[in-house]
Amino acid sequence: RPVDAGVSGQQCARTFSERMTAMTQSRKLGWRALIVLLAALACAGTWAAGQVRSIRDRSAVAKMTEKMKTVCVGRFLVDVPAHADIGLSHEMIDGFELDTVEESETSFRERVAAREAAIGTHGVATDSRGTGGMVEARDLRVPNMVGRILVYGRTRSYRMDGNRRVDDEWVSIEVHAHLNGSSIALSMKYADQPDVYSAEALLARLHPRDPDEIPSIPGFCIQHAVFTEPLPPHKTEHIVMHLGLPGHPDMGLALSSTPSGQTGKSLLERVAETDAEASADETLRVTKLRLGKRGINGIAGEEVLERVRELNFTTGYGFMGEALGTKDDPMHPYLLLNMETGTNPRPRGNPVDSSLHEDAVLALWDSISSTIRRRPVKRLEDHPPSGKPAASSRDRT
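Residues numbered from 1 in each chain as written. Predicted model: local features only at pLDDT ≥ 70, side-chain atom pairs only at ≥ 80, totals over all residues. Heavy atoms only, no water.

Report on the pattern of salt bridges, specifying residues and quantitative values.
In total, this model carries 25 salt bridges according to the counting rule given. Of the charged contacts, one joins Glu116 and Arg148 as a salt bridge, the two residues approaching to 3.0 Å between their closest N and O atoms. With a gap of 32 residues between them, Glu116 in helix α2 (residues 105-126) and Arg148 in strand β6 (residues 146-161) connect regions that are remote in the sequence. With a closest N to O distance of 3.1 Å, Arg156 and Glu169 form a salt bridge. In this pair, Arg156 is assigned in strand β6 and Glu169 in strand β7 (residues 164-179), connecting sequence segments 13 residues apart. Connected via shared salt-bridge partners are Arg290, Arg294, Glu303 and Asp366. (Salt bridge = Lys/Arg side-chain N within 4 Å of Asp/Glu carboxyl O. Helix = DSSP H or I, 4+ residues; strand = E, 2+ residues; numbered from the N terminus.)

An account of empty space enclosed by the protein is needed here, citing residue identities and associated values.
Taken as a whole and judged by the stated rule, the model has two cavities of 30 Å³ or more. Volume-wise, the largest cavity comes out at about 170 Å³. For the largest cavity, the lining is made up of 17 residues, of which Ile296, Gly321, Glu322, Ala323 and Ile372 are closest to its centre. When residues of the lining of the largest cavity are traced back to their parent elements, those giving at least two are β15 (302-309), β16 (315-323), β17 (334-341) and α6 (358-369). When the residues that make up the lining of the largest cavity are grouped by side-chain class, the tally is 10 nonpolar, three polar and four charged. Quantified by volume, the second largest cavity comes out at close to 90 Å³. Around the second largest cavity sit 13 residues that line it, and Ser182, Ser183, Ile184, Leu206 and Ala225 are the ones nearest its centre. (1 Å grid on protein atoms, 1.4 Å probe; cavity = no way out; pocket = protein on both sides within 12 Å on 5 of 7 lines; lining within 4 Å. Points joined across faces, edges and corners; volume = space filled by probe spheres on them. Nonpolar A, V, L, I, M, F, W, Y, C, P; charged D, E, K, R; others polar.)

As structure tokens, then:
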């Protein structure tokens, strides 16, 4: 039969168009499949890299916690990596700030003499009546110790109680003592002059100790020394331990023991309030890794462990554990353990990525926090005091 050239051309054009459409669709499907494949490979690569880093960092933490050392912090012990950098600060007892230093007796005497002279000179220069200068300077009255007591800066004021005027007066006190190559200063900026007797009573219970020595006698550990029981009646003890790890400048840990007020809200209550007030952006950037009550070696407490995505797209971690303690009881203080990673070591610097993977940070936290415990002690009669306070000393409540 004769072929219609027009019809045949239309059919060929339609066939060609259909083939081109099919090829285009095939190419689109191919590109989509390729994009999906590349995304899957990227996710798999990120996951694999994370797993490799997790294994590497957990191995590093396991190695650094193989050998631990015990640190005495107030009335508690905690085990930390042996190569960690440790410092004690904010030491206080019975309202006195404490400062310890290792030095010779000669250096001690020269330093205290210079301080005494400076106080006298400053008082004469600032107050023609001399009341701003030295009030009393005498030798320390504690057996086996050398030292000086400096009372200065007498200040008089008054307050109104209704229509009645009530006069007030206070002084500043510094008590400097030296024993066996170690010096300690007890200072109080706003004190009553008789408070010097409390300082002497405390120093009568002071025993030097080596940096790594764990005392077996009951008492309050500070840098280079321990205040041993029985201590004069008091309500306040304060100390903070700081820890850093070589090679991890973004990481820091602190354990503080302070007087318990038992009036504020618990850690979980404060976190719940903060979360309720947080913006949507903050809520998305903060992930709770653990949240709840946690008891450690008979110490009841709470903890919250968070991962934080910072605004500069770095990731850090903030872990906190807390035990409220008992009000006005030095034996059961408020304990706070805090650890952070991703902190820029440069002042006011932007956050940085955590130098440890999440799994390693959790492992490090658990390895340290799980060792916090009250220091075991022997009976008091096994450890007689090294000396008695002066007869004029008085207890301070």
